[in-house]
Amino acid sequence: MTTSTIKTDTSMNHSNNSAPNNHLPNNKPTFVQKLSELGSLRVVIGFLLISAFYVTFCNLVFAEGSFFHVSDYTVSLFGKYLCYALLALAVDLVWGYCGILSLGHGAFFALGGYAMGMYLMRQIGDRGVYGNPDLPDFMVFLNWTELPWYWAGSSSVFWMIAMVFIGPGLLAYIFGSLAFRSRVSGVYLSIMTQAVTYALMLAFFRNEMGFGGNNGLTDFKEILGFSLQEPSTKLGLFVATAIALAIGYMVSDFIVKSKMGRVVTAIRDAESRVRFVGFKPEHYKLWIYVVSAMLAGVAGALYVPQVGIINPGEFSPLNSIEMVVWVAIGGRGTLYGALIGAVVVSYAKTRFTAIMPEAWLFALGGLFVLVTLYLPKGIAGLLPNILNKKDSENEASDTDQSKESNNTSIEKSEASS
Amino acid sequence: MIVDKSGSPLLADENIKPDTRHGVILYVEDVSVSFDGFKALNDLNLYINDGELRCLIGANGAGKTTLMDVITGKTRPDTGKVSFGQQVDLLQLSEAEIARAGIGRKFQKPTVFEELTVFENIELSLAGDKGIWTALFHKLTGEQKDRIAEILTTIGLSKECYYPAGRLSHGQKQWLEIGMLLAAEPRVLLVDEPVAGMTGQETERTAELLTSLAGKHSVVVVEHDMAFVRSIAKQVTVLHQGSVLAEGTMSEIQSNKDVIQVYLGEEDGSDDYAKENEKSVSEKTELESKPQEQTV
């Protein structure tokens, strides 16, 4: 056999055009691709920072009562939404890109929150109800005489920052390495993650755990020396959250666009193929799971000072499911989709629970069902979807032409033989 | 990682190279596998020579796919020995390590990364470091790009380069998967039913491609399509009930008494073959008709 080339119409056309075979066709951006650049890094970060600036500006400059004024309440509400957005980003990274449906990301969020909460508790000092300079109120109430060993160091801000990453990261590492090594996947993995967060919730409800039990950690006074009751501190936290989200987004974007991101996507689509190509899927899954858990931890840490409390309710399985719903509605597999989903659903929740609280879960469930049925790619997939149809119609006519040329080339070869 | 007896990493990942001084690249010796008492492989012996093109045929349940699973590390045999060259014991390695050592596999059902483009599919399959940190900061070199372009030309998918692989036709996916194997620069290619569901023309092209690969690589093809096997194979191995029934050239196989007996379904074989699907029926008739032609 003389030729090692499969002679398809395309390679024939190539050689006919005397184009060198080893050149790849130019990647001309289509209209859809241009459009999808709306979700590109620069646009998203730009939008994020501009809206953060807008909120800050309107809060500070315009007086109360002015049309442009953004109230302090709204500022901390937006701060909360941005925390959710960062959390959604974390969920999207493992679910949307790697196909790991984690129903336990609430656990990582809450652990990050508890790390922050411990620090804030220690900042209270002797201003607590019992006035004990060392022990938080709930420990005095339980007649404890000294801090448990795992509270050592909690008064340091650096310890807090480290724990925000280490706590969730370690849990993700231990759970992930066990689960992925034994090749647990799909719905079984989801159920296990759900079980983990539920178990943690029950554990944190116990007073003996030393995290405030039922009531959790609350009654915070100040962070880094700034009073948490001050509107300016709230604004500062909002800005910090916006910056954290921007950094988280850039990190996620870097991961997703690197070869790493492609390996992870490949694992989602055909894990066994990835293994036979020579990658170790369990290592990749573990890595992305840990990174995602850390992002969720940061989101939790920023959330706690803004809402002023962390309690075991944050571990509740329902919360974790809600996070997945954000991503599903926003559009999994696109980073900006996760942000849109988190903000839109949270906003809807705020409005809805004010009007008719009982109906919220039904509305959320209904929304989830509708999106799954009619918008498999979520809100983010809406516009490109419509345009894609047009695009593929154009392409269909293209392939018709190439078929014709294929036929003619076959005729030619027959004639020559 | 494998270590020698003294514990030094003689055969660390990058050092795994088959020793083929005796001309044999793959040794499968006395391998048995059973699933819940059913013997999928039964004391099977198979030697693949370096650079040869070997076809494996056999009815459904003869153990062809199980054999591939054993070689690629997906299934661990109950007993027996599988080695790559003389030294590398494949039973000690994980699937990923076996793949990196140079044994590529194409699945029965084409498995490509549907959401990634054709280009990216090949990119991921390129030989090289498969670690996490490399992947995170990896940039394609010009050399690698040329290599990808070359492979795309070989498999005839240059034009579809930036298409998502999920949009390719069935035949194109099969080729892409072969291209992914080539990118890994393997010594041995295990190809499971490469022409299933292909048109006649596509089958022909695939045959050309596989024949051209032999020599540089050792190619083991599992196939039901007897016309296809006849067109490419020099050496054919017939599997039956988990062990090798016959080995030889196509004409030797077709005149082999055991093979004819099994395929004609005399006595002991008849029950098994009543259940078979259309493909093996046609296979049967093919084998049936061929010896008759020869006797005439």
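About the thresholds
Residues numbered from 1 in each chain as written. Chains lettered and ligands numbered in written order. Predicted model: local features only at pLDDT ≥ 70, side-chain atom pairs only at ≥ 80, totals over all residues. Helix = DSSP H or I, 4+ residues; strand = E, 2+ residues; numbered from the N terminus. Buried ≥ 20, exposed ≤ 12 C-beta atoms within 10 Å, placed from the backbone. Contact = placed C-beta atoms within 7 Å. Core = buried A, V, L, I, M, F, W, Y, C linked by C-beta atoms within 7 Å. Pairing = 2+ DSSP bridges. pLDDT = per-residue confidence, 0-100.

Quick look at the overall build of chain B now. Broken down by element type, chain B carries 12 helices and 10 strands. Scored against the burial criterion, the 296 residues of chain B give a buried share of 48%. Pairs at least 24 residues apart make up 69% of the contacts formed inside chain B by residues separated by at least 6 positions.

All right, on to the overall build of chain A then. What chain A contains, in helices and strands, is 16 helices and 4 strands. Counting the 417 residues in chain A, one finds 40% classified as buried. Partitioning the contacts of chain A with sequence separation of at least 6, the portion at a separation of at least 24 is 77%.

Right, let's get into the nonpolar core. All names here are of chain A. Formed by 184 residues in total, the largest nonpolar core has its most connected members in L86, L87, A88, L89 and A299. Considering each element in turn, this core owes the most residues, 17 residues, to helix 4 (residues 72–97). Apart from the residues lying within four places of it in its own chain, the contact partners of A299 are C83, L86, L87, A90, F109 and G112.

Our next topic: the sheet that holds strand 2 (residues 38–49) of chain B. All names here are of chain B. Pairing is antiparallel in the open sheet, where 4 strands are placed in the order 2-1-4-5. Only two strands of the sheet have a single partner each, and these edge strands are strand 2 and strand 5 (88–89). Inspection of the sheet shows strand 1 (residues 24–35) paired to strand 2 by 8 bridges, in the antiparallel sense. Looking at the pairing, F35 lines up with F38 of strand 2.

Another point: the pairing of strand 6 (residues 103–106) of chain B. All names here are of chain B. Of the two faces of strand 6, both are covered, the one formed by I103 and R105 as well as the one formed by G104 and K106. Inspection of the sheet shows strand 6 paired to strand 7 (residues 188–192) by 4 bridges, in the parallel sense. Each residue of the ladder has a partner; that of I103, found in strand 7, is V188.

Turning to the confidence of the model for chain A, a few remarks are in order. Residue and element names in this part refer to chain A. Per-chain confidence: chain A averages 84 in pLDDT, with 82% of residues scoring 70 or above. Note on residues 1–22: pLDDT under 50 across the span, and 42 contacts to partners over four residues away in sequence or across chains. Low pLDDT, under 50, characterises residues 397–417; the stretch is placed with 6 contacts to residues that sit more than four places away or in other chains.

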